[in-house]
Amino acid sequence: MKVTVIGAGNVGASCAEYIALNRIASEVVLLDIKENFAEGKAMDLMQTATLNKFNTRIVGVTNDYSKTAQSDVVVVTSGVPRKPGMTREELIGINAGIVKGVCDNVLKHSPNTILIIVSNPMDTMTYLALKETKLPKNRVIGMGGILDSSRFKYYLSVAMGVPASDIHATVIGGHGDTTMIPLTRLATWNGVPVSKFLDDATLKKVAADTMVGGATLTAMLGTSAWYAPGASVAVLVDAILNDQKKIYPCCVYLDGEYGQKDICLGVPVIIGKNGWEKIVDYELNDEEKALFYKSAEAVRNMNKVLSEMKV
Ligand code: APR
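Draft legend 1. Looking closely at the environment of Arg139. Among the structural elements, Arg139 can be located in the loop between helix H5 (122-133) and strand S6 (140-142). Owing to a relative accessible area of 18%, Arg139 belongs among the buried residues under this scheme. Taking the C-alpha atoms as reference points, Arg139 and Val212, separated by 73 residues in sequence, lie 29 Å from one another. Reaching out from Arg139, the side chain makes a polar contact with the backbone oxygen of Pro111 at a distance of 2.6 Å.

Draft legend 2. Focus on the packing of aromatic side chains. Counted by the stated rule, this structure contains four aromatic pairs. Their ring planes at 70 degrees and their centres at 5.0 Å tell us that Tyr154 and Tyr155 sit as a pair that is edge-to-face. Aromatic pair Tyr258 and Phe292: ring centres 5.4 Å apart, planes at 40 degrees, arrangement tilted. With Tyr258 in the loop between strand S12 (246-255) and strand S13 (261-272) and Phe292 in helix H10 (residues 286-309), the pair connects residues that are 34 residues apart, well separated along the chain. With relative accessibility at 16%, the residue Tyr258 sits in the buried group.

Draft legend 3. Highlighting the site of the ligand. If you check the shell around the ligand, you find 22 residues, and the closest are Asn10, Val11, Asp32, Thr77 and Asn120. The contact in question runs from an oxygen atom of the ligand to an N or O atom on the backbone of Asn10, over 2.9 Å. Contact between the ligand and Val11: an oxygen atom at 2.8 Å from a main-chain N or O atom of the residue. For the shell around the ligand, the elements supplying multiple residues, two or more each, are helix H1 (10-21) and helix H4 (92-109). Classifying every residue of the shell around the ligand by side-chain character gives 10 nonpolar, 10 polar and two charged.

Draft legend 4. Representation of the packing of H1 against helix H9 (residues 227-241) in the model. As a packed pair, H1 and H9 sit with axes 8 Å apart at the nearest point and diverge in direction by 50 degrees. Judged by the angle between their axes, H1 and H9 are oblique. Crossing angle aside, the handedness with which H1 passes H9 is right-handed. Of the residues in H9, those in contact with Val11, Ser14, Cys15, Tyr18 and Ile19 of H1 are Tyr227, Pro229, Gly230, Ala231, Val233, Ala234 and Val237.

So, how was this worked out
Residues numbered from 1 in each chain as written. Predicted model: local features only at pLDDT ≥ 70, side-chain atom pairs only at ≥ 80, totals over all residues. Heavy atoms only, no water. Helix = DSSP H or I, 4+ residues; strand = E, 2+ residues; numbered from the N terminus. Buried < 20%, exposed > 50% of the residue type's maximum accessible area, 1.4 Å probe, protein only. Polar contact = N/O pair within 3.5 Å; in protein donor to acceptor, adjacent residues only side chain to side chain. Phe/Tyr/Trp six-rings, centres within 6.5 Å; stacked < 30°, edge-to-face > 60°. Near = heavy atom within 4 Å. Nonpolar A, V, L, I, M, F, W, Y, C, P; charged D, E, K, R; others polar. Axes fitted to C-alpha atoms, helices over the stretch in contact; angles between N-to-C directions. Parallel < 35°, antiparallel > 145°, perpendicular 65-115°, else oblique. Left-handed = near helix turned anticlockwise from the far one by under 90°. Contact = heavy atoms within 4.5 Å.

This is how it looks when you write it as structure tokens:
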């Protein structure tokens, strides 16, 4: 199984590392535009192979798309990350040009691939990638919801003092500080609603912390986070390559589902060898539906900004 990761920066390299550590694919091609950068990252990672006992072959290339040929999955992380105080949406101008160019090149060499978009603003970049490549909708997936849900579980686990791995919780909607929707009502600890253990004020704080989870780290690190984003991509790649049929919240094209059309937005989907295979209806209540509608409006406005830019 072959995976290409475009962009060998923080998120891309971390994603390659988790794929190797978890033995998800036999080959990972890291591609970057910066001369020798991906080669260096690949060499450094390969020098951990004997220590970490993995057999994945990680190859770095500078802009040579021929080496990415016949990839089963291509992950797009190329672009600029945000700096402290920036929103993901502010990256649109520069990242749209990068994502468009990258997708064109990728498809020339891997026409049957499944595309995972990570570059921000991710919902709009996913929509752009789908329109640009004209791939079947099931083969274009934006990764944001898995990361946001993992942060939601982390904050719940801290508030409850229990292991995050015992918590089930999902974030849907846009992958933006104001557009994501932590579904507190459906969050459980070993099957029991978390509202049995946390009061309303704490639950609201957990949801608010989740929504700015990325911004909090950007302020601390001076650039956006990479371990959790990289690990989130790796589990998604695993679910595809190993046909796991897991339900993950992913940014996918909606054609009437969740009351929205002609937009890519985060909803729970079944992930398997065909990409996203089915949208799962979580039967939102009226309050959640209103939030989803608001989120869709914000993402639609961002898509409009993009279309007016004529990238
Ligand atoms: N082709 C290939 N690689 C590119 C291109 C391009 N056209 N343009 C930029 N890159 C590379 C950069 O050279 C850099 O190495 O993309 C890499 C991005 O890495 P970082 O700057 O470390 O950014 P990172 O933190 O990995 O974030 C990447 O993911 O989470 C999102 O908001 C984040 O949009 C950002 C993306």
